[in-house]
Amino acid sequence: MSIASSSSSTGLNGYSSSNGLTPAASSQSENSYGDGENENVLAVSNGYSHTPYQMHNEDIVNHLYHAGFQTGHYADTILHVHQNSYRLHAIILSRSPLLAHLMSTSPQTGGQRVIYVQLDHEPEVTQEGFAIALGYLYSSVSISLIRPENARGVLAAGCLLGGMDDLCGYAYEACRQSISVETITEWLEFVDSIPLSSDELLTPQQPRSVFAQYARKLREDVLHFFVVTLPNTLEVYSSGVSESGSSQGHTGRDTLLQIFSRVPFDMFKAAVESPTFQIGSDQCRFKFAKDAIELRKGGIARGHGAEETVVLAFGGGHMGESAVHITRKVRKRPLWKVNS
């Protein structure tokens, strides 16, 4: 059975022949059930055994996905999101707690139910991510569409719609594996922008993250990469001069400095003072922080009315604490005396 979407030029349910949302077609091998004498004969494909009813169930799911989701045949519900309209099926959409709520609270005036998903305040839910999550309600084949570039949007959409633990798990893992030297700056900006989902850390005015429990997981993953993995990947060592006279990790240190020069102050302070931030001796860490602060003066710290400084504690740190401390002082405005 071919799983390619319809080639209609208008596009069906948000799909077109060029947007990359159609899984690659898979060929199915012919299966023999024997001569009828043994009703329990198994069909073997790629080393896996499938009973006839399992194959029948797979055929049903494939039909639901391709005839139901991709082409919208026999739809009874119109879903509007972003600028897209999807012709879908209420019984399938009811798998999502959010969509089930929208269907139960939306008036049905005609033959088809119409629902609207408002995403004005959820910028992380992308069009592609939402389409993949919708498709997952019909079939797990949508998991094959997750890539590093769209994983965060899929995760956001899956968390929003609800009832998609497996999809969210795959999307989260793709996000985690995509954290690298090239993407760490973007990921740091992301975790700095999302609120934590823990109730005790939020004020009533703060919005809760669409990522729910994954917000904390992603924050921990990104900060661990930032503080621990990144210096090791860039080979930023304490010293050790090569035969040519150049310091080991010099290029890596410059890259690390550029990244540290662009992060918010609280993140910068926590990283430099963390005992897991291993770039050599306390003196090396002090020199690194001093160089980073100098770069920050012309960038992220400029115009904030505060001065960042680094202090090396006399005698080193105690009880596992860092001997290097970052502080920020608000610059005092000069007082002018007015003579009467």
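Preceding this paragraph is the structure being described.
Just so you know, these numbers come straight off a predicted model, no measurement behind them.

Across the sheet, which stays open at both edges, the three strands sit in the order 4-3-5 with mixed pairing between neighbours. Two strands in the sheet have a free side with no partner beyond their single neighbour: strand 4 (84-88) and strand 5 (113-117). Mean inter-strand twist for the sheet, computed between neighbouring axes without regard to direction, equals 20°.

By the definition in use, this model includes ten salt bridges. The network of salt bridges with shared partners includes Glu-124, Arg-152 and Glu-186.

With five bridges joining them, strand 3 (residues 77-81) and strand 4 adopt antiparallel strand pairing. Residue pairing for strand 4: His-80 is matched across the bridge by Ser-85.

The next point concerns the packing of aromatic side chains. The full count for this structure, using the stated rule, is eleven aromatic pairs. With centroids separated by 5.4 Å and ring planes inclined at 85°, the aromatic side chains of Trp-187 and Phe-190 adopt a geometry described as edge-to-face. Pair noted here: Trp-187 and Phe-190 are both in helix 7 (residues 184-193), with a separation of three residues, about one helical turn. With respect to class, Trp-187 is no different from Phe-190; both count as buried. Residues Phe-260 and Phe-268 carry aromatic rings whose centres are separated by 6.3 Å and whose planes lie at 75° to one another, so their mutual orientation is edge-to-face.

In this model, helix 6 (residues 165-177) (13 residues) spans 18 Å end to end at C-alpha, consistent with the 18 Å of a helix rising 1.5 Å per residue. Every buried residue of helix 6 is listed here: Leu-167, Cys-168, Ala-171, Tyr-172, Ala-174 and Cys-175. All buried residues of helix 6 lie within an arc of 160° about the axis, which places them on one face of the element. Exposed residues pointing more than 90 degrees away from the buried face of helix 6 are listed as Asp-165 and Gln-177.

Before going further, it helps to spend a moment on the packing of helix 10 (residues 265-273) against helix 11 (residues 282-297). The axes of two packed helices give the description: the angle between them and the distance between them. One way to put it is that helix 10 packs onto helix 11 with a least axis distance of 11 Å and a crossing angle of 165°. By the angle between their axes, helix 10 is roughly antiparallel relative to helix 11. As helix 10 runs across helix 11, the sense of the crossing is right-handed. Residue-level contacts link Phe-265, Phe-268, Val-272 and Glu-273 of helix 10 to Arg-285, Ala-289, Ala-292, Ile-293 and Arg-296 of helix 11.

Counting buried positions along helix 5 (residues 151-161) yields nine of eleven residues, so the element is predominantly enclosed. Inspection of helix 5 places Ala-151, Arg-152, Gly-153, Val-154, Leu-155, Ala-156, Ala-157, Gly-158 and Leu-161 among the buried residues, and these make up the whole buried set. Note on helix 5: the residue one or two positions beyond its end, Gly-162, has a positive phi of about 80°.

The rules we used
- Residues numbered from 1 in each chain as written.
- Predicted model: local features only at pLDDT ≥ 70, side-chain atom pairs only at ≥ 80, totals over all residues.
- Heavy atoms only, no water.
- Pairing = 2+ DSSP bridges.
- Helix = DSSP H or I, 4+ residues; strand = E, 2+ residues; numbered from the N terminus.
- Axes fitted to C-alpha atoms, helices over the stretch in contact; angles between N-to-C directions.
- Salt bridge = Lys/Arg side-chain N within 4 Å of Asp/Glu carboxyl O.
- Phe/Tyr/Trp six-rings, centres within 6.5 Å; stacked < 30°, edge-to-face > 60°.
- Buried < 20%, exposed > 50% of the residue type's maximum accessible area, 1.4 Å probe, protein only.
- Expected span 1.5 Å × (residues − 1).
- Arc of directions from axis to C-beta.
- Parallel < 35°, antiparallel > 145°, perpendicular 65-115°, else oblique.
- Left-handed = near helix turned anticlockwise from the far one by under 90°.
- Contact = heavy atoms within 4.5 Å.

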